[in-house]
Every structure is written in C-alpha cells, then in structure tokens.
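Close look at the chain arrangement
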There are 2 protein chains.
Amino acid sequence: MAEEHKLPTIKEIAQRLNISVSTVSRALHDHPSIGLRTKMRVQQLADELGYEPNKIAIFFKQRKTYAIGVVLPSLIEEFFSKAISGIEDVARKNKYHVFIGQSHDDVEMEKEIITAMKDQHVDGLIVSLSKQTKNYDHFMALEKYNIPVVFFDRVPSLSNVHKVAFDMVNGTKQMLEFLIKKGHRRIGILNGPEEMISSKERTETYKQVMIKNRIKIDMSLVESTDLSLESTATAVEKMLSLKPRPTAVVAINDYVALDGIRHAKKLNLELNKDITFVSYANIPITSFLQDPPFASVEQYPYKQGSMAAEILIELMNNSSTSESFHNILINGDLVIHATGE
Amino acid sequence: MAEEHKLPTIKEIAQRLNISVSTVSRALHDHPSIGLRTKMRVQQLADELGYEPNKIAIFFKQRKTYAIGVVLPSLIEEFFSKAISGIEDVARKNKYHVFIGQSHDDVEMEKEIITAMKDQHVDGLIVSLSKQTKNYDHFMALEKYNIPVVFFDRVPSLSNVHKVAFDMVNGTKQMLEFLIKKGHRRIGILNGPEEMISSKERTETYKQVMIKNRIKIDMSLVESTDLSLESTATAVEKMLSLKPRPTAVVAINDYVALDGIRHAKKLNLELNKDITFVSYANIPITSFLQDPPFASVEQYPYKQGSMAAEILIELMNNSSTSESFHNILINGDLVIHATGE
DNA sequence: GAAAATACAGCAACCGTTTGCGCATTATTT
DNA sequence: AAATAATGCGCAAACGGTTGCTGTATTTTC
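- The name given to chain A in an unreviewed UniProt entry is Transcriptional regulator, LacI family, with the source organism recorded as Parafilimonas terrae.

**Observations concerning the pairing of strand β4 (residues 149-152) of chain B**
Residue and element names in this part refer to chain B.
- Here β4 shows two buried faces, one formed by Val 149 and Phe 151 and the other by Val 150 and Phe 152.
- For strand β3 (residues 124-127) and β4, the ladder comprises 3 bridges, and the chain directions are parallel. Its bridge partner lying in β4, Leu 125 is registered against Val 149.
- Sheet analysis places β4 next to strand β5 (residues 162-166), joined by 3 bridges and oriented parallel.

**Details of the sheet that holds strand β6 (residues 187-191) of chain A**
Residues and elements named next belong to chain A.
- Strands sit in the order β7-β6-β8-β9-β10-β12 across an open sheet of 6 strands; the sheet is mixed. Looking along the sheet, the strands with just one partner apiece sit at the ends: β7 (222-224) and β12 (333-336). Across this sheet, the average inter-strand angle for adjacent strands is 20°, counted without regard to direction.
- Relative to strand β10 (residues 295-298), strand β9 (residues 276-280) is paired through 3 bridges, and the arrangement is parallel. Residue pairing for β10: Tyr 280 is matched across the bridge by Val 297.
- Packed onto the sheet, helix α11 (residues 254-266) meets β6, β8 (248-251), β9 and β10 and runs at close to 165° relative to β9.

**Here's the deal with the protein's contact with DNA strand C**
- Lining the immediate environment of DNA strand C, one finds 27 residues, of which Thr23(A), Gly35(A), Thr38(A), Arg63(A) and Arg26(B) sit closest.
- Considering DNA strand C, the proportion of its atoms within 4 Å of the protein that are sugar or phosphate atoms stands at 55%.
- Here a base oxygen of DNA strand C and a side-chain polar atom of Arg26(A) are 2.6 Å apart.
- Interatomic distance of 3.0 Å between a side-chain N/O atom of His29(B) and a phosphate oxygen of DNA strand C.
- Elements represented by at least two residues in the surface near DNA strand C include exactly α2 (21-28) and α4 (55-62) of chain A together with α1 (10-17), α2 (21-28) and α4 (55-62) of chain B.
- Of the residues in the surface near DNA strand C, the class split is 8 nonpolar, 12 polar and 7 charged.

**Concerning the protein's contact with DNA strand D**
- Of all residues adjacent to DNA strand D, which total 26 residues, the nearest are Arg26(A), Thr23(B), Gly35(B), Thr38(B) and Arg63(B).
- Within 4 Å of the protein, the contacting atoms of DNA strand D are 51% sugar and phosphate, with bases supplying the remainder.
- Arg26(A) places a side-chain nitrogen or oxygen 2.5 Å from a base oxygen of DNA strand D.
- Note that a phosphate oxygen of DNA strand D is positioned 2.5 Å from one of the backbone N or O atoms of Gly35(B).
- Of all the secondary-structure elements, those providing two or more residues to the surface near DNA strand D are α1 (10-17), α2 and α4 of chain A together with α2 and α4 of chain B.
- In the surface near DNA strand D, the residues fall into 8 nonpolar, 11 polar and 7 charged.

**Side note on the domain arrangement of chain A**
- What the domain assignment lists for chain A is domain 1 (10-53), domain 2 (65-165 + 301-329) and domain 3 (168-300).
- The C-alpha centroid of domain 2 of chain A is placed 39 Å from the C-alpha centroid of domain 1 of chain A.

**With respect to the packing of aromatic side chains**
Residues and elements named next belong to chain A.
- Per the stated rule, a full pass over the model turns up 16 aromatic pairs over all chains.
- Residues Phe 178 and Phe 294 carry aromatic rings whose centres are separated by 6.2 Å and whose planes lie at 25° to one another, so their mutual orientation is stacked. One end of the pair, Phe 178, is in helix α8 (residues 168-181); the other, Phe 294, is in the loop between β9 and β10, with 116 residues separating them in the sequence.
- For Phe 294, a relative accessible area of 5% translates into the label buried.
- Joined through ring pairs, the aromatic side chains of Phe 59, Tyr 66 and Tyr 96 make up one cluster.
- For the cation-ring pair, Lys 64 lies above Tyr 66, with the distance from its terminal atom to the ring centre recorded as 4.5 Å.

**Observations concerning the interface of chain A and chain B**
- Contact residues are listed per partner, giving 52 residues for chain A and 52 residues for chain B.
- Both faces considered, chain A and chain B share a buried interface measuring about 4900 Å² in area, 57% of it formed by carbon and sulfur atoms.
- Viewed at the interface, chain B and chain A are joined by 4 salt bridges.
- A salt bridge links Lys55(B) to Asp119(A), with the nearest nitrogen and oxygen atoms 3.5 Å apart.
- At the boundary of chain A and chain B, one finds 11 residue pairs in polar contact (both at pLDDT 80 or more).
- Elements supplying a minimum of two residues to the side of chain A that touches chain B: α4, α5 (78-93), β2 (97-102), α6 (107-119) and α11 of chain A.
- Per element, the largest residue contribution to the side of chain A that touches chain B is 7 residues, and it comes from α5(A).
- Residues of the side of chain A that touches chain B, tallied by class, amount to 22 nonpolar, 16 polar and 14 charged.

**Comments concerning unusual backbone geometry**
- Omega for the bond connecting Lys243(A) with Pro244(A) falls within 30 degrees of zero, at -10°, which places this linkage in the cis form.
- Relative to the elements of secondary structure, Pro244(A) occurs in the loop between α10 (229-240) and β8.
- Phi is positive for Asn146(A), close to 65°, though the residue is something other than glycine.
- Position of Asn146(A) relative to the elements: it lies in the loop between α7 (137-140) and β4 (149-152).
- Despite not being glycine, Arg63(B) shows a phi value in the positive range, around 55°.
- Mapped onto the fold, Arg63(B) is located in the loop between α4 and β1 (67-72).

**Let's talk about the relation of the copies chain A and chain B**
- The two copies are related by a screw operation: chain A maps onto chain B through 180° of rotation and 0.0 Å of translation along the axis, at an RMSD of 0.0 Å. Such a combination of rotation and displacement between the chain copies is what one expects of a two-fold axis. Minimal C-alpha separation from the rotation axis in chain A is found for Phe99(A), amounting to 2.5 Å.
- By residue overlap, the copies meet face to face through one surface: 100% of the interface positions of chain A are interface positions in chain B.

**Notes on the sheet that holds strand β9 (residues 276-280) of chain B**
Residues and elements named next belong to chain B.
- Taken together, 6 strands build an open sheet; the order of strands is β7-β6-β8-β9-β10-β12 and the sheet is mixed. Whereas interior strands pair on both sides, the edge strands pair on one side only; in this sheet they are β7 (222-224) and β12 (333-336). Across the sheet, the axes of successive neighbouring strands diverge by a mean angle of 20°, strand direction being ignored.
- Two elements, strand β6 (residues 187-191) and strand β8 (residues 248-251), share 4 bridges in a ladder whose sense is parallel. Counterpart to Ile 187 in the pairing with β8 is Ala 248.

**What to know about the UniProt feature "domain: HTH lacI-type" (unreviewed entry) in chain A**
- When the UniProt feature table is mapped onto this chain numbering, "domain: HTH lacI-type" (unreviewed entry) sits at residues 8-62 of chain A.
- For residues 8-62 of chain A, the helix share is 69%, the strand share is 0%, and the end-to-end C-alpha distance is 21 Å.

**Thoughts on the packing of helix α10 (residues 229-240) of chain B against helix α11 (residues 254-266) of chain B**
Residues and elements named next belong to chain B.
- Close contact between α10 and α11 brings their axes to 10 Å; oriented N to C, the two are set at 50°. Looking at the two axes, α10 sits oblique to α11. Of the two elements, α10 crosses α11, and the hand of that crossing is right-handed. Note on element contacts: α11 touches α10 through Val 256, Asp 259, Gly 260, His 263 and Ala 264, opposite Thr 232, Val 236, Glu 237 and Leu 240.
- The class makeup of the residues in the contact of α10 with α11 is 4 nonpolar, 3 polar and 2 charged.

So, how was this worked out
- Residues numbered from 1 in each chain as written.
- Chains lettered and ligands numbered in written order.
- Predicted model: local features only at pLDDT ≥ 70, side-chain atom pairs only at ≥ 80, totals over all residues.
- Heavy atoms only, no water.
- Buried < 20%, exposed > 50% of the residue type's maximum accessible area, 1.4 Å probe, protein only.
- Helix = DSSP H or I, 4+ residues; strand = E, 2+ residues; numbered from the N terminus.
- Pairing = 2+ DSSP bridges.
- Axes fitted to C-alpha atoms, helices over the stretch in contact; angles between N-to-C directions.
- Contact = heavy atoms within 4.5 Å.
- Near = heavy atom within 4 Å.
- Polar contact = N/O pair within 3.5 Å; in protein donor to acceptor, adjacent residues only side chain to side chain.
- Nonpolar A, V, L, I, M, F, W, Y, C, P; charged D, E, K, R; others polar.
- Domains from an automatic or database assignment.
- Phe/Tyr/Trp six-rings, centres within 6.5 Å; stacked < 30°, edge-to-face > 60°.
- Lys NZ or Arg CZ within 6 Å of the ring centre and 35° of its normal.
- Buried area = accessible area lost by both parts, 1.4 Å probe.
- Salt bridge = Lys/Arg side-chain N within 4 Å of Asp/Glu carboxyl O.
- Least-squares fit on C-alpha atoms with pLDDT ≥ 70 in both.
- UniProt positions renumbered as here; feature names shortened; annotations may be inferred.
- Parallel < 35°, antiparallel > 145°, perpendicular 65-115°, else oblique.
- Left-handed = near helix turned anticlockwise from the far one by under 90°.

Next up, the structure:
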C-alpha cells in the first residue's frame with residue numbers, strides 16, 4: 001500500500017479542469033488576470049487533491065533555497081547551542097531554514113562543510129571559525145557564488161568581512177578593573193591559542209589596563225592553552241607554580257577556570273582568598289558548583305546568533321553589494337557568581 | 001564588481017564546443033557512448049570554466065535532496081548534541097546533509113518543524129519527541145510523502161515505527177540491583193512526565209525489581225517532574241520530606257539528581273551516607289562537581305544517534321517497504337562517579 | 001453601432017540536468 | 001562488396017512551476 005506516492009501537481013489540476021497550467025499557477029497565486037470562477041474551481045480542486053507546491057521546483061526556478069548554513073566548532077559547547085537558537089529563531093521568522101555543520105575545530109572539516117553547503121546552494125552562511133583556521137581563502141571563494149557570509153564570536157582578523165563578536169577589549173577591561181579595585185595587583189591570564197584574535201585582544205587589553213593602573217607588566221603571568229585537556233592542565237600548573245603566585249586569574253572560559261580551581265584546591269589554596277578565578281561565561285551549571293569562578297563576563301550567545309542572522313538576512317535581501325561591512329561588538333556584562341568573599 | 005554571478009552550465013560548455021548538452025552531460029559522467037576525444041575536450045573546458053554541476057537541478061530531477069531532518073527537544077542538552085554528532089558523522093559518510101530543528105519541548109513547534117522539513121523535501125527524518133507529544137498524527141502524515149522516520153531516545157509508544165532507544169528496563173534494573181546490593185531498601189524515584197514512555201518503563205521496572213527482591217512497594221516513593229525547574233524543585237522537596245526518608249534516590253537525569261543533591265545538602269544530609277543519588281547520564285561535568293551523583297547509567301547518545309541514522313539511510317535506500325520495523329534497544333552501562341563512600 | 005478598452009486564459013520559453021531512443025558514420029564480418 | 005555491428009552523438013521529453021507575451025471574447029465608451 002501507499003506505493004503510488006504520486007503527489008498532485010499543478011499539471012494534474014490543469015488536466016482535470018481542462019485548462020492550462022499557467023492558469024492554474026496564476027489562480028493559486030490569486031493573480032488578477034484570472035476570473036473568479038476559474039480561481040474558485042482551481043482552489044477547490046487543489047484542496048480536494050491536497051495539492052502542495054513543490055518547493056524544490058520553485059527553489060530551482062528562483063535560484064534560491066531559503067536555507068542558511070551555520071558552521072561552528074561544536075554544538076556541545078553551550079555557547080554555541082544557544083547561539084544556534086538565536087539564529088534559528090530569526091531564520092524561522094524570515095522563512096529560512098538552517099543547516100548546521102560542526103567543524104570540531106578542524107580546518108579540513110571546516111572546508112569540507114563549506115564546500116558541502118556551497119553545493120547545497122545555501123543562500124547564506126553564518127560561521128564561527130575553528131580554532132585552527134588561519135587562512136580564509138575557503139570563505140573568500142564563496143563570493144564567486146554570491147553567498148554572503150557573516151562571522152560571529154570566532155571571527156577572522158580581516159576588515160572586509162561582516163562580523164558579530166563579543167567586545168573582548170571592553171569585557172576584559174571590566175573584569176580587570178574589577179579585580180584591581182578589589183586590590184589585586186598580580187593578575188594572571190589563562191589565554192587561548194594565538195590564532196584566535198580574541199586571545200591577542202585579551203593580551204593587549206591586559207597590558208593597556210596594567211599601564212593605566214601603573215602596575216608593572218609581567219608577561220610570565222600570561223599562559224596559553226590550545227584548549228585541549230592536556231594543554232590546559234599544563235598552563236594551569238605553570239600558572240599556579242609561579243612565584244610569587246598570582247592572586248587572581250582570568251581564564252579564557254569557564255572550563256579552563258574550573259580546571260584552575262580544581263588544581264588550586266589540590267594545592268590547598270583557599271579560593272577567593274589565596275586566589276580568585278574569573279572567566280568568560282560559557283556554562284550555566286555554576287549553580288551546582290561548590291566553587292564556581294568568582295565572576296564571569298556574560299557574552300550573550302543568543303544575541304550574537306540572532307544578530308548575525310539578522311545581518312545575514314539583510315545581506316541576502318539586498319544583494320546590492322553595499323560597500324560597507326558590518327562589524328558589531330556585543331557588550332558583555334560582569335556577573336558575580338561566588339556567594340561571599 | 002562580481003555582479004555577473006553567472007555560473008557556467010552544461011549548456012554553455014555545449015555551445016562553446018558546438019555539441020549537444022546531452023553529449024556534455026554524458027562526457028562528464030564518463031558514459032561509454034562518448035568518444036575519448038570529445039570527453040577530453042569537454043573535461044578540459046569544464047575545468048577551465050570551473051564548472052560545477054547544479055545540485056539543486058539534479059535533486060529536483062532525481063526527486064531527492066540528500067538532506068535528512070533531525071527534530072529534537074533542545075541542543076543545549078548534551079545528550080542531544082552528542083547524538084547529533086553521531087547522526088552527522090553517519091550522514092556525511094553517506095553524502096547526506098543534516099537539517100536541525102529544536103522543538104523546545106513544544107508540540108506546536110514540533111509540528112511546524114515537521115511541516116517545514118516536509119516542504120523542504122528532506123529524504124528522511126530522525127526524531128526525538130517533545131515531552132508534550134502524545135499524538136503522533138503529524139508523523140504518520142509523512143508516510144504520504146514517502147518520508148521515512150526513525151525515532152530515537154524519546155520514542156512513541158507505537159509498535160509500527162522505527163526506533164532506537166535506551167533500554168530503560170535493563171538500565172533501571174542494573175541501577176536498582178546495584179543499590180539493593182549496597183543494602184538500600186527504601187529507594188525513591190524522581191521520575192519524568194507520564195507522557196514519556198521511559199517514565200512508565202521506569203516505574204514498571206521499579207515494581208518488578210522490588211517484587212523480585214521481596215521489598216514492599218511503596219508508590220509514595222515515586223515522584224514525577226515535568227522537568228521544569230519549579231516542578232523538579234517540588235518533587236525533590238516532597239521526596240526528601242518523606243518519612244522515613246529514602247536512603248537512595250534514582251533521578252531521571254543528572255540535572256534532577258543535582259537538584260536533589262543540592263537540596264539534601266541544605267538539609268544537612270550527608271551524601272552517600274544518609275542519602276545516595278544516582279541517575280541517568282546526560283552531563284559530563286561531573287569531574288568538576290564536589291558532589292556528583294554516586295553513579296549514572298551511561299546512555300551512549302552518540303551511538304543512539306549514529307544507529308538511528310544508519311537505519312534511516314537503509315530505509316531511504318530500500319524504499320521497498322520492508323514490512324518489519326526496527327526497534328533497537330541500547331544497553332546502558334553503570335558508571336560510578338563518587339570517589340568513596 | 002463601431003472603435004477602444006478590458007477581462008480572461010493559453011502558448012511557450014525557461015531554470016539545469018538526465019536519459020531513452022534514433023540516426024549517421026565508421027568498423028567488422030562473411 | 002554487401003550486410004551487419006559497433007561507435008559516437010543529437011533530439012526531445014521530462015522534473016514542477018513561473019511569467020512575458022499573445023490572442024480572443026466581452027464590455028465599455030462616445
């Protein structure tokens with residue numbers, strides 16, 4: 001049973017009613033040049049037959065797919081799954097659908113996904129770079145296909161692209177000023193890989209704020225991790241064995257901060273007294289944690305996603321290549337987690 | 001610049017070479033009935049022009065999109081984002097792409113997504129039900145369009161569907177036997193909403209195991225939560241205020257267990273002594289937790305996702321409606337988290 | 001009552017590719 | 001040398017729908 005799977009087409013309606021397909025098409029679109037009588041007959045038969053336009057055919061004709069692709073490192077990070085929600089919501093409102101691809105922080109995978117999405121003729125792309133990505137040719141190639149790209153969060157260090165990102169400079173300033181106000185003078189940074197511009201910005205801002213507050217800059221207080229477990233462990237260890245030890249540590253994200261906290265406990269350091277950890281917010285389980293980071297900068301992933309999507313939609317509509325590039329900075333907010341000090 | 005966006009087509013190649021499009025098409029496919037000379041000329045020009053077949057046109061013609069849709073409650077739950085990875089990996093291997101839709105546990109949203117995916121002509125669908133879903137008509141309607149559906153994790157209570165799910169009966173047995181062996185006699189259940197078959201199975205298994213171990217069944221030890229924060233809080237409170245209090249509690253997932261643990265601490269109960277919490281694994285941050293659930297049953301989301309995808313691919317290939325339905329049960333494994341007792 | 005305007009519907013091309021069938025050429029067989 | 005078989009390629013339809021143009025009744029206008 002159910003083996004005939006012949007969906008009704010406009011052609012069929014035309015035959016049954018003994019009129020032309022163009023008339024049917026126009027009737028269904030309520031075109032003014034079709035008589036009321038005909039329109040009604042068509043509408044009725046269409047309903048009876050359960051006719052539904054074949055969108056693939058339409059997309060093909062219109063050279064549009066109403067699909068946007070999203071490429072990001074990993075859905076497991078809450079930051080990204082929240083961002084996806086923002087993208088999805090905006091997309092749905094505008095009748096777009098969302099393809100998702102995870103690069104798992106692998107450039108080759110990223111390229112593959114981009115190619116696949118190009119082949120699928122997505123109308124636009126939203127991308128958060130893999131942490132390995134240094135070269136942007138595979139994105140630039142998309143221009144040829146007229147596929148606009150909006151980057152978010154992990155954006156390339158180029159000026160001629162559209163991007164939405166957390167305002168790292170501002171967020172880092174807030175965080176450092178907060179710590180300094182609390183009396184900290186020796187502040188460590190558990191930074192991300194050099195390839196990420198956010199890492200560079202963090203370091204720069206660090207220097208800036210230190211200078212402004214007349215604190216001597218000590219670059220041995222800046223450690224990097226490529227975010228792998230081992231690399232993070234090494235960085236944490238180095239950081240905590242510095243002499244004198246920093247009294248506060250800014251970690252690139254909550255996971256790294258938690259690693260630091262765990263290690264500090266092992267060393268029998270008293271948290272928020274001997275040493276204070278702060279970070280940039282990625283995870284929301286802090287309420288279950290005995291010792292959360294003292295504070296985090298909320299980065300509003302949902303907002304980043306939805307803004308990126310809005311920009312993309314604008315770009316897809318006005319294919320009139322507006323010469324300017326969007327460069328949105330999202331302001332973070334400092335959130336205090338720890339219950340007391 | 002770049003305003004001509006005219007991608008080369010087979011037609012263009014044909015014109016330039018003064019041959020027919022059919023010849024070009026066949027040449028590009030290495031069809032035996034095309035002469036070597038012609039093939040080479042075509043190939044070369046195609047390379048020069050950077051020709052790429054228009055997949056949309058091909059999909060349209062072949063009435064296939066090479067897209068599979070995935071509908072699930074929320075990407076934020078790690079269980080699901082891991083499952084997605086499993087689905088994606090299998091899909092990619094088979095040249096399929098993945099559309100994702102989040103129902104956010106809302107039936108209406110679920111229906112909308114299904115409709116959208118049907119309109120997009122996905123070739124198949126993988127679904128984990130919203131916790132509200134009681135009626136499966138919107139899935140059954142897909143038969144008409146010849147779109148196969150494979151359910152996973154949150155599956156419907158129907159026998160004539162394909163599904164992959166965690167073996168709740170077995171997993172729960174393992175867990176309960178484990179607790180009983182440890183001496184627990186008064187075991188509470190923080191169960192999920194009644195609509196989820198897993199909840200029913202949990203209750204049933206509970207009774208069964210109790211009977212087998214000659215422990216009197218006390219249904220006041222079974223509390224339900226709809227998984228909202230408030231509902232969970234209420235259930236936890238009730239559970240911990242029972243007299244006598246249970247010495248062990250099985251929670252539907254880690255989040256609920258953590259809520260229980262937090263509440264127990266507030267009541268100054270000593271964990272794993274006065275009361276022990278166990279659950280089904282959804283989250284991996286246990287290593288950062290001071291007091292993780294004592295044990296969890298790992299549900300292998302990646303495996304569930306990849307198996308569901310494999311079944312779907314099989315179904316999409318053999319549209320020969322095999323009369324039997326897949327009904328895979330994934331065996332869980334008990335994982336002990338707590339460091340000591 | 002004839003000319004002009006309007007209303008209604010059909011023709012055919014088009015989007016890019018695939019494929020069954022037929023038709024020339026050339027090559028092979030006897 | 002004639003009949004047969006390969007070989008190489010083109011024609012045209014098909015997938016489902018949209019749209020500019022054309023054509024014919026029917027009305028309206030003066």
